[in-house]
Amino acid sequence: MSYVKDNYAENLTVEEIASRFNMSTVTMWHLMKKNLNMSLKEYILKIRVAKAMDLLSQNMSVNEVSDCTGFNSYAHFIRTFTKTV
């Protein structure tokens, strides 16, 4: 969880994170579900959206926030942010 919080703006994948901690993706999935009741992908999005909300409250533009929070595109950011918030 700390790794995700520190690296949310990077192109994070479940495979890369699981490998970094010498786990299979299945083990990572089970640990996340057990401890947070959500998948790793959901957790990454939760952290990114929370950071986006913080940056938007600091009057950053939506384009800048999209770039700073690790979303692949502006459209993906808008869809995810609207769905989540």
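Residues numbered from 1 in each chain as written. Predicted model: local features only at pLDDT ≥ 70, side-chain atom pairs only at ≥ 80, totals over all residues. Heavy atoms only, no water.

A. Local environment of helix H6 (residues 74–84). Taken as a whole, H6 has its buried residues at Phe77, Thr80 and Phe81. Along the long axis of H6, the arc covered by the buried residues comes to 95°, so they all point the same way. Away from the buried face of H6 by more than 90 degrees, exposed residues Arg79, Thr82 and Lys83 are located. Check the buried side of H6 and you find it contacts helix H4 (40–57) and helix H5 (62–68). (Buried < 20%, exposed > 50% of the residue type's maximum accessible area, 1.4 Å probe, protein only. Helix = DSSP H or I, 4+ residues; strand = E, 2+ residues; numbered from the N terminus. Arc of directions from axis to C-beta. Contact = heavy atoms within 4.5 Å.)

B. How the structure looks around unusual backbone geometry. Residues other than glycine seldom take positive phi values, yet Asn22 does so here, at roughly 55°. Accessibility expressed as a relative area gives 73% for Asn22, which makes it exposed. With phi around 60°, Asn37 is a residue other than glycine that occupies positive phi space.

C. Inspection of the nonpolar core at higher detail. With 13 residues, the main nonpolar core has Val4, Leu12, Ile17, Met28, Leu40, Tyr43 and Ile44 as its most contacted residues. Going through the elements one at a time, helix H1 (2–7), helix H2 (14–20), helix H3 (25–36) and H4 are the ones with two or more residues in this core. No other element matches the 4 residues that H4 contributes to this core. Val49, Leu55, Val65 and Phe77 belong to the second-largest nonpolar core, a separate cluster that totals 7 residues. (Core = buried A, V, L, I, M, F, W, Y, C linked by side-chain atoms within 4.5 Å.)

D. The packing of aromatic side chains, seen in detail. Applying the stated criterion across every chain, the model contains 3 aromatic pairs. Judged by centre distance (5.8 Å) and plane angle (80°), the ring pair of Tyr3 and Phe21 falls under edge-to-face. Pair noted here: Tyr3 is in helix H1 and Phe21 is in the loop between H2 and H3, with a separation of 18 residues, a long-range link. An angle of 70° between the planes, with centres 5.1 Å apart, marks the rings of Phe71 and Phe77 as edge-to-face. With respect to burial, Phe71 and Phe77 carry one shared label: buried. The ring of Phe71 is capped by Arg48, whose NZ or CZ atom sits 6.0 Å from the centre of that ring. (Phe/Tyr/Trp six-rings, centres within 6.5 Å; stacked < 30°, edge-to-face > 60°. Lys NZ or Arg CZ within 6 Å of the ring centre and 35° of its normal.)

What is shown is where atoms sit, not what they do.
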